[in-house]
Amino acid sequence: MLRRLDAGFAVIGDTQFLPGYSVLLADEPGVQRLSDLPRARRMAFLSDMELLGEAVERACGALDPAFRRVNLEILGNTDPFLHAHVWPRYEWEPAELVGRPVWLYPPGNWTDPRYALGPRHDPVRTEIDRQLGVLYAAHGAQDRAGG
């Protein structure tokens, strides 16, 4: 786990074929869809997703000059609980995949030990968590100030 946020838990993905891949897990057991939450909790979850996305963007941009962008997704087709994927995208990705959905990568990428989360990912994990701390503190200050 990276950090507890307002409506969920930010975690780094167990596969890192795109370094920095992270997931936001809803903190309410049994919630399957965004629409299962009351509106205020939906907004909190979406706000947390945006914060995690920006933290991944900042971290990956600082660590890899080939960083392009972040893709944010709430799918829920496989796992029956509310979660959001945060996928960093890079210029070094294969040309046939760089502009396509990450789900078109070969299925083996999710299970290949070469891409398993490990100590070599500590720098990106640490930087995402650091950026989350900075953004979360600023976000909280803005909310308290009405901004």
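If you're wondering where the values come from, they're calculated on a predicted model, not measured in any experiment.

The rules behind the values
- Residues numbered from 1 in each chain as written.
- Predicted model: local features only at pLDDT ≥ 70, side-chain atom pairs only at ≥ 80, totals over all residues.
- Heavy atoms only, no water.
- Phe/Tyr/Trp six-rings, centres within 6.5 Å; stacked < 30°, edge-to-face > 60°.
- Helix = DSSP H or I, 4+ residues; strand = E, 2+ residues; numbered from the N terminus.
- Lys NZ or Arg CZ within 6 Å of the ring centre and 35° of its normal.
- Pairing = 2+ DSSP bridges.
- Core = buried A, V, L, I, M, F, W, Y, C linked by side-chain atoms within 4.5 Å.
- Buried < 20%, exposed > 50% of the residue type's maximum accessible area, 1.4 Å probe, protein only.
- Contact = heavy atoms within 4.5 Å.
- Salt bridge = Lys/Arg side-chain N within 4 Å of Asp/Glu carboxyl O.
- Expected span 1.5 Å × (residues − 1).
- Polar contact = N/O pair within 3.5 Å; in protein donor to acceptor, adjacent residues only side chain to side chain.

J.: Which parts of the structure should I look at to understand the packing of aromatic side chains?
T.: Here a ring pair, both rings aromatic, is described through the centre-centre distance and the interplanar angle of the planes. The tally for this structure, following the rule as stated, stands at ten aromatic pairs. When the ring of Phe-67 is compared with that of Tyr-90, the centres are 6.0 Å apart and the planes differ by 75°; the resulting orientation is edge-to-face. You can see Phe-67 sitting in strand β4 (residues 67-73) and its partner Tyr-90 sitting in strand β5 (residues 83-90), a full 23 residues away along the chain. Taken together, the ring pairs connect Phe-17, Tyr-21, Trp-87, Trp-103, Tyr-105, Trp-110 and Tyr-115 into an aromatic cluster. Above the plane of the ring of Phe-9 lies Arg-4, whose end atom (NZ or CZ) is 4.7 Å from the centre.

J.: How do you make sense of the sheet that holds β5 when you look at a structure like this?
T.: The five strands are arranged β1-β2-β3-β5-β4 in an open sheet whose pairing can be described as antiparallel. Looking at strand neighbours, the two that pair on one side only are β1 (3-4) and β4, the edges of this open sheet. Direction of pairing for strand β3 (residues 22-26) relative to β5: antiparallel, over a ladder of four bridges. Paired with Ser-22 across the bridge in β5 is Val-86.

J.: Honestly, the nonpolar core in this entry has me stumped. Any pointers?
T.: The nonpolar side chains of soluble globular proteins are, as a tendency, buried together. The biggest cluster of nonpolar side chains holds 37 residues, and the ones touching the most others in it are Phe-45, Leu-52, Ile-128 and Leu-132. Secondary-structure elements contributing two or more residues to this core are β2 (8-12), β3, α1 (39-63), β4, β5 and α2 (122-145). Residues within four places of Phe-45 in sequence aside, it is in contact with Ala-7, Leu-24, Leu-25, Ala-26, Leu-34, Leu-37, Ile-74, Leu-82, His-83 and Ala-84.

J.: Can you walk me through the pattern of salt bridges in this structure?
T.: A side chain with one charge can pair with a side chain of the opposite charge if their charged atoms come near. Per the stated rule, a full pass over the model turns up eleven salt bridges. We note a salt bridge from Asp-122 to Arg-125, for which the minimum N-O separation is 3.5 Å. Placement of the pair is Asp-122 and Arg-125 together in helix α2, with a separation of three residues, close to one helical turn. With relative accessibility at 27%, the residue Arg-125 sits in the partly exposed group. If you follow the salt bridges from partner to partner, you end up with Arg-4, Asp-27, Glu-28 and Arg-41 in one network.

J.: Help me understand α1 in this model?
T.: Every α-helix carries 3.6 residues per turn, so stepping three or four residues along brings you back to the same face. Look at α1: 36 Å from first C-alpha to last across 25 residues, which is about the 36 Å you get at 1.5 Å a residue. Looking at α1, one finds that the buried residues are Ala-44, Phe-45, Asp-48, Met-49, Leu-51, Leu-52, Gly-53, Ala-55, Val-56, Ala-59 and Cys-60.

J.: Looking at this model, I keep getting lost on the environment of Arg-114. Mind explaining?
T.: Residue position: Arg-114 is located in the loop between β5 and α2. Separated by 3.4 Å, the side chains of Arg-114 and Tyr-115 make a polar contact.

J.: Sorry, what's going on with the side chain of Asn-109 here?
T.: Structurally, Asn-109 can be placed in the loop between β5 and α2. Those residues in contact with Asn-109 that lie beyond four places of it in its chain are Thr-15, Phe-17 and Tyr-115.

J.: Is there a simple way to explain the pairing of β5 in this structure?
T.: Counting buried positions along β5 yields eight of eight residues, so the element is predominantly enclosed. Here β5 shows no split at all, with His-83, His-85, Trp-87 and Arg-89 on one side and Ala-84, Val-86, Pro-88 and Tyr-90 on the other all buried. Of the pairings in the sheet, the one linking β4 to β5 comprises six bridges and is antiparallel in character. The residue of β5 that forms the bridge with Val-70 is Pro-88.

J.: Explain the side chain of Arg-89 to me, please; I cannot follow it from the model alone.
T.: Structurally, Arg-89 can be placed in strand β5. Judged by its relative accessible area of 1%, Arg-89 is buried. Here Asn-71 takes part through its side chain, which lies 3.2 Å from a polar atom of the side chain of Arg-89. Setting aside residues up to four positions removed in sequence, Arg-89 forms contacts with Leu-18, Ala-66, Phe-67, Arg-68, Arg-69, Asn-71, Leu-97, Val-98, Arg-100, Pro-101, Val-102 and Tyr-105.

In short, shape yes, function no, at least from these values alone.
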